[in-house]
Amino acid sequence: MHIATVNPANGETVKTYHPMGEDEIERRLQLAEATFRTYRTTTFEERAHLLHRAAELLDEDRQAIGRVITTEMGKPIKQARAEAAKCAKAMHWYADHAAELLADEEPDAFDVKDSGASRVLVRYRPLGPVLAVMPWNFPLWQVVRFAAPALMAGNVGLLKHASNVPQTALYLEDLFHRAGFTEGCFQTLLIGSAAVDDILRDERVRAATLTGSEPAGRAVASTAGEMVKKTVLELGGSDPYVVMPSADLDRAAEVAVTARTQNAGQSCIAAKRFIVHSEVYDAFAERFTAGMKALRVGDPMDEETDVGPLSSEQGRSDLQELVEDAVRAGATLLCGGERPDGPGWFYPPTVLAGIGREMRIHREEAFGPVATLYRAADLDEAVLIANDTSFGLSSNVWTRDEAEVDRFVRDLEAGSVYVNGMTASHPAFPFGGVKRSGYGRELSGHGIREFCNITTVWHGA
């Protein structure tokens, strides 16, 4: 198993790591279980103090960890620093709100009396060690949005991070330790994917969360189902971006460029399919394509770079195959589409028009800066195209017509509907999908309760 930092801007291997052996994995599982027994008894105030400190340290480390992220997976340095800042914000938010989100609840007095009780409480108790299988594309954020609520709920975390971001994974373990969390509260497991199944089957691991590919989600869900363990899955996405005639076209096109190319388009919640009403299709396509062409592709350490390299050579090859398949089937390239020469795994911002259902890119997630344009005759056709996917993570709608907004919110098959704006995650709002984009929710009160034992406490009269 190859666990290494390989710089995607030039293909050079920076640092390699040996996977942990069985003895070290066992030691860490024992430590997680032992730590949970005591950590679960700490107060919200104690946990909040530690998490606030972790956030402060992360803010202090923003420049340094930003460079590590950029070196490991190619994110432009400005975006890497912004990711660190977002993580610190989420830590502060959960530290401030967890006690309220997990406060005891008292059912209606009539129902209490009707049950024959003198008092009834609903209490949220932690489950235990939670295994997190996380991806490389937002190597800090994906972990923190699990870890912050899990730790505040009284759980402890075991992280299996993507094998191409080992330095970020080890940084996270060190961050929580420096903040004052005891060693077993958050541990990084430097292991390959093949080791996940045995760890998930271990009785000391009580639940799992995974963000990643559909095959990886199926594997984790299958094992967890066999072992009767709770899981939360956030898998792929092929989010629609619908533009109706009443939209502010200039703004819609400007935001569309960012929505498709942030993180070089390597985001589950990136807008990928741009569905435009026929009345404004040509005008939007012209603006959008011009915006994509204007982006600066290059060294991700350069402050002026808009789009860095893709994270791996395989990822670029997969993306190129989708584009070539679409062109062979009759799609039109409005810009991009040619892999550049030279070192690094770069790919140009690309726009494809004339997409048909027989094309792979219509069915599969394009994980890179490639946008597909669809023409819709009316709202009904826009909804049909938007829902014609196995995914259902988020969606974007641009319209000033409130009746249209109501229709889209009612009919779009997605975990989120963003109106006149770009999909983004925020600690206060639930995040997750439907269909093959997964199940369960992260963030907000919904996310922190996913890994809690929701306990009814009944007192006799």
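Described in the following lines is the structure provided in the data block. The residue numbers shown here count from 1 along each chain, following its written sequence. The predicted nature of this model means local features are confined to residues of pLDDT at least 70 and side-chain atom pairs, given and counted, to a pLDDT of 80 or more, with totals for whole chains, interfaces and linings taken over all residues. For the side-chain quantities, the full set of heavy atoms in the structure was used; hydrogens and water were omitted.

Section: the nonpolar core
- With 86 residues, the main nonpolar core has Leu58 and Met91 as its most contacted residues.
- What counts as a helix is a DSSP run of H or I of at least four residues, what counts as a strand is a run of E of at least two, and both are numbered from the N terminus. Top element by residues in this core is helix H4 (residues 77-101). It accounts for 11 residues.
- Among all residues touching Met91, those that are not within four sequence positions of it are Leu51, Ala54, Ala55, Leu58, Val144, Ala148, Leu175 and Phe176.
- Listed in part, the 54 residues of the second largest apolar core include Leu249, Ala331, Leu352 and Ala371. The criterion is simple. A nonpolar core is a set of buried Ala, Val, Leu, Ile, Met, Phe, Trp, Tyr and Cys residues joined through side-chain atoms within 4.5 Å. Remark: exposure states derive from per-residue accessible area (1.4 Å probe, protein chains only) relative to the maximum for the residue type, with buried under 20%, exposed over 50%, and partly exposed in between. The contact criterion used throughout is that any non-hydrogen atoms of two residues lie within 4.5 Å.

Here's the deal with unusual backbone geometry
- One non-glycine residue, Asn420, adopts positive backbone phi at about 55°.
- With respect to the element layout, Asn420 can be found in the loop between strand S15 (418-419) and strand S16 (438-439).
- Under the relative-accessibility criterion, Asn420 is labelled partly exposed at 36%.
- A positive phi angle, near 60°, is found at Ser444, a position not held by glycine.
- Looking at the secondary structure, you find Ser444 in helix H16 (residues 444-449).

Some words on the pairing of strand S13 (residues 370-376)
- Most of S13 is tucked away: six of the seven residues are buried.
- The pairing of strand S10 (residues 271-277) with S13 spans five bridges and is classified as parallel. Across the sheet, Val276 pairs through a bridge with Arg375, a residue of S13.
- Bridge analysis of strand S12 (residues 350-353) against S13 gives four bridges, and the strand direction is parallel. By the bridge assignment, Val351 is partnered in S13 with Ala371. Should DSSP find at least two bridges between two strands, the strands are taken to pair.

Regarding the sheet that holds strand S6 (residues 186-188)
- As summarised here, the arrangement of the six strands in space is S6-S5-S4-S7-S8-S16, forming an open sheet in which the pairing is mixed. The sheet is open, and its two borders are formed by S6 and S16, each paired with just one other strand.
- Bridging between strand S7 (residues 207-211) and strand S8 (residues 230-234) involves five bridges; their strand directions are parallel. Opposite Thr211, over in S8, you have Glu234 as the bridge partner.

Concerning the packing of aromatic side chains
- Between 30 and 60 degrees the pair is tilted, below 30 it is stacked and above 60 it is edge-to-face, where a pair is any two Phe, Tyr or Trp rings, Trp via its six-membered ring, whose centres lie within 6.5 Å. Tallied over the full model, the rule gives nine aromatic pairs.
- For the ring pair Phe176 and Phe181, a centre distance of 5.6 Å and an interplane angle of 80° mean the geometry is edge-to-face. Assigned by exposure class, Phe176 and Phe181 land together as buried.
- Here the aromatic rings of Tyr241 and Phe274 are separated by 5.0 Å at their centres, their planes lie at 45°, and the arrangement is tilted. Placement of the pair is Tyr241 in strand S9 (residues 239-243) and Phe274 in strand S10, with a sequence separation of 33 residues. For the pair shown, Tyr241 and Phe274 are each scored as buried.
- Clustering of aromatic rings is evident, with ring pairs tying together Tyr241, Phe274, Phe284, Phe288 and Trp398.
- Of note, Arg47 hangs over the ring of Tyr39, and the distance from its end group to the ring centre comes to 5.7 Å. Cation placement over rings: the criterion is NZ of Lys or CZ of Arg within 6 Å of the ring centroid and within 35° of the ring normal.

Structural notes on the packing of helix H2 (residues 44-60) against H4
- As a packed pair, H2 and H4 sit with axes 9 Å apart at the nearest point and diverge in direction by 165°. Classified by the interaxial angle, the pair formed by H2 and H4 is roughly antiparallel. Considering how the two elements wind past one another, H2 and H4 form a crossing that is left-handed. Packed against H2, whose contacting residues are Phe44, Ala48, Leu51, His52, Ala54, Ala55, Glu56, Leu58 and Asp59, the element H4 presents Ala84, Ala85, Cys87, Ala88, Met91, His92, Tyr94, Ala95, Asp96, Ala98 and Ala99 at the interface.
- When residue character is reported, Ala, Val, Leu, Ile, Met, Phe, Trp, Tyr, Cys and Pro are called nonpolar, Asp, Glu, Lys and Arg charged, and the others, Gly included, polar. Of the residues belonging to the contact of H2 with H4, the class tally is 15 nonpolar, two polar and three charged. What counts as an axis is a line fitted to C-alpha atoms, over the stretch in contact for a helix, and the angles between N-to-C directions run from 0 to 180 degrees. Each angle gets one of four labels, with under 35 degrees taken as roughly parallel, over 145 as roughly antiparallel, 65 to 115 as roughly perpendicular, and the rest as oblique. Working rule for handedness: look at the near helix, and if it is turned counterclockwise from the far one by less than a right angle, call the crossing left-handed; if clockwise, right-handed.

Focus: the sheet that holds S10
- The strand order across the open sheet formed by seven strands is S11-S12-S13-S10-S9-S14-S15, and the pairing between neighbours is mixed. Of all the strands in the sheet, just strand S11 (332-335) and S15 have a single pairing partner and so form its edges.
- Here helix H11 (residues 281-293) sits on the sheet and contacts S9, S10, S11, S12 and S13; the angle it forms with S13, its principal contact strand, is near 175°.

Some thoughts on the pattern of salt bridges
- Think of a salt bridge as a Lys or Arg side-chain nitrogen and an Asp or Glu carboxyl oxygen that are within 4 Å of each other. Across all of its chains, the model carries 35 salt bridges by this definition.
- The partner of Asp248 in a salt bridge is Arg400, and the shortest N-O contact between them spans 3.8 Å. With Asp248 in the loop between S9 and helix H10 (249-261) and Arg400 in the loop between strand S14 (396-398) and helix H15 (402-411), the pair connects residues that are 152 residues apart, well separated along the chain.
- Among the ionic contacts, a cluster of salt bridges with common partners joins Glu24, Arg27, Arg28, Glu173 and Glu183.

So, the environment of Gln187
- Here Gln187 shows up in strand S6.
- Judged by its relative accessible area of 1%, Gln187 is buried.
- Considering only alpha carbons, one finds Gln187 and Val165, 22 residues apart in sequence, at a separation of 15 Å.
- Beyond its immediate chain neighbours, meaning those up to four positions away, Gln187 contacts Arg28, Leu31, Ala32, Gly157, Leu158, Leu159 and Glu173.
- Reaching out from Gln187, the side chain makes a polar contact with the backbone oxygen of Arg28 at a distance of 3.0 Å. We define a polar contact as two N or O atoms separated by no more than 3.5 Å, with the added condition that, inside protein, one atom must be a possible hydrogen donor and the other a possible acceptor, whereas residues neighbouring each other in sequence contribute only through side-chain atom pairs.

Everything listed here is a matter of geometry and, on its own, says nothing about what the molecule does.
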